[in-house]
Amino acid sequence: NTFDTVLETFSLCVVSDPLEALREVYRVLRPGGTLLLLENSRSNNPALGAYQDVTAGVLAQYGGKACVWNQDTASLTRQVGFEVETTVDYYSGLFRAIR
């Protein structure tokens, strides 16, 4: 209940437990506060999404920074209790802005 707004960019893909990270954001955000995310996300293009699914584990292990790039970030955000007001997809949903 401390912060009015939390801005998080490209870090949920590299933390070992993104749900726990979002729970902590939920804890410190004041009621009615705003969470702004810009994250890697699973593409809404079927072929690209399938490619992400096949390569996510290998790239996370050997591709640097351990980024899991095929997460459904909007779903993760909702699971913690946030209300997703808007999402904007960039590059077929590879990057997603969430409010």
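These remarks concern the structure in this document. (Residues numbered from 1 in each chain as written. Predicted model: local features only at pLDDT ≥ 70, side-chain atom pairs only at ≥ 80, totals over all residues. Heavy atoms only, no water.)

### As for a nonpolar patch on the surface
- Together, Val-88, Tyr-90 and Tyr-91 make up an exposed nonpolar region whose accessible area comes to about 340 Å².
- Tracing the backbone through its elements, the reader meets Tyr-91 in the loop between strand S3 (87-90) and strand S4 (95-98). (Patch = residues over 30% accessible without salt bridge, like charges linked within 9 Å, V, L, I, M, F, W, Y side chains within 5 Å. Areas by Shrake-Rupley, 256 points an atom, 1.4 Å probe, with all protein chains shown as cover. Salt bridge = Lys/Arg side-chain N within 4 Å of Asp/Glu carboxyl O. Helix = DSSP H or I, 4+ residues; strand = E, 2+ residues; numbered from the N terminus.)

### Some thoughts on the layout of surface pockets
- Taken as a whole, the largest pocket holds about 290 Å³ of empty space.
- Lining the largest pocket are 17 residues, and of these Leu-29, Gly-32, Gly-33, Phe-82 and Glu-83 sit closest to its centre.
- Ranked by the residues each element gives to the lining of the largest pocket, the list is headed by strand S2 (residues 29-40), at seven residues.
- Tallied by class, the residues present in the lining of the largest pocket amount to seven nonpolar, six polar and four charged. (1 Å grid on protein atoms, 1.4 Å probe; cavity = no way out; pocket = protein on both sides within 12 Å on 5 of 7 lines; lining within 4 Å. Points joined across faces, edges and corners; volume = space filled by probe spheres on them. Nonpolar A, V, L, I, M, F, W, Y, C, P; charged D, E, K, R; others polar.)

### Quick word on the nonpolar core
- Ranked by size, the top nonpolar core spans 14 residues in total, and within it Leu-22, Leu-35 and Phe-82 carry the most contacts.
- Elements with a contribution of two residues or more to this core: helix H1 (18-28), S2 and helix H3 (73-80).
- Here Leu-35 is in contact with Val-6, Leu-22, Val-25, Leu-29, Thr-77, Phe-82, Ile-98 and Arg-99, once residues within four sequence places are set aside. (Core = buried A, V, L, I, M, F, W, Y, C linked by side-chain atoms within 4.5 Å. Buried < 20%, exposed > 50% of the residue type's maximum accessible area, 1.4 Å probe, protein only. Contact = heavy atoms within 4.5 Å.)

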